[in-house]
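# Structural overview for review
Spelled out from the first residue to the last, the chains are:
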Amino acid sequence: AAPLVVAVSTSISAKKGLLIRNRANFEGARNLNAVVFDKTGTLTRGEFGVTDIVTNDSHQEEDVIAYAASIEQHSEHPIATGIIQAAKDKQITWSKVADFESITGKGIQGTVDGKVVNVVSPKYVQEKQFKYDKEVFEQLSEEVKTVVFVLVNESIIGMIALADMIRETAKEAVASLNKQGIHPIMLTGDNQKVANWVADQLGIDEVYAEVMPDDKANQVKKIRQKGWKVAMTGDGVNDAPALATADLGIAIGAGTDVAMETADVVLVRSNPNDVVALMDLSQKTYRKMV
Ligand code: ADP
Ligand code: MG
């Protein structure tokens, strides 16, 4: 049978919205050296709104949104939700898609009316050396917007800029960690400029941006190789490998199933402060036992 303190803290944790899936790893939460956070959906709300639609000469804004929304209906990324919402707001209808696939860490692809459509990251466009309006892109990036490119048959028809909001509770969580001498670190697939700006707002000094899902896990491994005990907090499919690699994997909020199945602890509320609460609870629980 489980020791009494553990049983008691299980009911406390449930009340606080902390679901402990791996008790041994939860015990390690009392002496962490670093907490790594995914950005989108974890430190930010993950509720993107479309702020700008930029088109090239031969296309209308409606086309850009219609093509994008058509394939985004098959994605569960926060960017997808934002683009679908914009289509609904503008009463733009979208089409059926064949051959949907995601391009890991870089976007998505599908076929609409026999044409290959992509919605992808700046990194993808740069790697493939597609021509785009650098000035407009830089301007949107300066405004710390997340920019995605819409391609039809491998040519760019437009850019969609989206903005997210920082969680106030993330600011508090980072401050608590800093105060306790635990390193807060950000790990994101998003653009470096957006990442730096969010980190700056929150007081996070260590930032890794434009990181692919497998590299998220590698980065966590590297941090552990310093001899540090590391927690990873994330919500997305793309965070799952890193959650599995960390000493303590924490899935946050209404994240994806994959993240929740991989995590040691699930935070029911989307509140980064609960990471701190969880560390406190681990300390209290296991101090009593020894
Ligand atoms: P994060 O770590 O911020 O959650 P992801 O690894 O999920 O980021 O995504 C990295 C980048 O890939 C996004 O910033 C975006 O440019 C692109 N991307 C991923 N999924 C989509 C999608 N469904 N639609 C458009 N772009 C996407
Ligand atoms: Mg995320």
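Predicted model, so just to flag it, every value in this text is computed and none were measured. (Residues numbered from 1 in each chain as written. Chains lettered and ligands numbered in written order. Predicted model: local features only at pLDDT ≥ 70, side-chain atom pairs only at ≥ 80, totals over all residues.)

### Focus: the environment of Lys 216
In this structure, Lys 216 sits in helix H10 (residues 213-224). With 23 residues separating them in the primary sequence, Lys 216 and Asp 239 have C-alpha atoms 7.1 Å apart. With sequence-adjacent residues up to four places away left out, Lys 216 is seen in contact with Leu 187, Val 211, Asn 238, Asp 239, Pro 241 and Ala 242. (Helix = DSSP H or I, 4+ residues; strand = E, 2+ residues; numbered from the N terminus. Contact = placed C-beta atoms within 7 Å.)

### Focus on the domain arrangement of the protein
Much of the literature gives interface size as the accessible area that the parts lose upon coming together. We note that the domain assignment places domain 1 (4-45 + 166-289) and domain 2 (49-163) within the protein. Here domain 1 and domain 2 have C-alpha centroids that lie 30 Å from each other. The interface is formed by 13 residues belonging to domain 1 together with nine residues belonging to domain 2. Secondary structure elements with two or more residues in the side of domain 1 that touches domain 2: helix H3 (39-43) and helix H9 (192-202). It is H9 that provides the largest number of residues to the side of domain 1 that touches domain 2, a total of three residues. Along the lines of polarity and charge, the residues of the side of domain 1 that touches domain 2 split into four nonpolar, six polar and three charged. (Domains from an automatic or database assignment. Nonpolar A, V, L, I, M, F, W, Y, C, P; charged D, E, K, R; others polar.)

### A closer look at the nonpolar core
In a soluble, globular protein the nonpolar side chains are often hidden away together inside. Core analysis: the largest hydrophobic core is formed by 51 residues, its most contacted members being Val 36, Ala 231, Ile 250 and Val 265. The contact partners of Ile 250, leaving out residues within four places of it in the chain, are Ala 231, Met 232, Thr 233, Ala 263, Val 265, Leu 267 and Val 275. Core analysis: the second largest hydrophobic core is formed by 31 residues, Ala 87, Val 119, Val 150 and Leu 162 among them. (Core = buried A, V, L, I, M, F, W, Y, C linked by C-beta atoms within 7 Å. Buried ≥ 20, exposed ≤ 12 C-beta atoms within 10 Å, placed from the backbone.)

### Re the site of ligand 1
Looking at ligand 1, there are 22 residues lining it, with Thr 40, Ser 75, His 77, Ser 121 and Gly 189 nearest. Elements with a contribution of two residues or more to the shell around ligand 1: H3, helix H5 (78-89), strand E5 (107-112), strand E6 (115-120) and strand E7 (146-152). Looking at the shell around ligand 1, its residues break down into six nonpolar, 11 polar and five charged. The residues that make up the shell around ligand 1 include at least three from each of domain 1 (4-45 + 166-289) and domain 2 (49-163). (Near = placed C-beta within 6 Å.)

### Describing H9
Side chains that are three or four residues apart share a direction in an α-helix, a result of its 3.6 residues per turn. Looking at H9, one finds that the buried residues are Val 194, Ala 195, Val 198, Ala 199 and Leu 202. Down the axis of H9, the sector holding all buried residues measures 130 degrees, keeping them to one side. As for H9, its buried residues are in contact with H3, E7, helix H8 (168-179), strand E9 (183-187) and strand E10 (206-208). Positive backbone phi, approximately 85 degrees, marks Gly 203, located one or two places after H9. (Arc of directions from axis to C-beta.)

### Here we look at the sheet that holds strand E2 (residues 34-38)
Read from one edge of the open sheet, seven strands run E1-E13-E12-E11-E2-E9-E10, paired in mixed fashion. One side of each edge strand has no neighbouring strand; the edge strands of this open sheet are strand E1 (18-20) and E10. The average angle at which neighbouring strand axes cross in this sheet is 20 degrees, direction not considered. Both E2 and E9 contribute to a ladder of five bridges, which runs parallel. Among the inter-strand pairings, Ala 34 is bridged to a residue of E9, identified as His 183. Packed onto the sheet, H10 meets E2, E9, E10 and strand E11 (230-234) and runs at close to 155 degrees relative to E11. (Pairing = 2+ DSSP bridges. Axes fitted to C-alpha atoms, helices over the stretch in contact; angles between N-to-C directions.)

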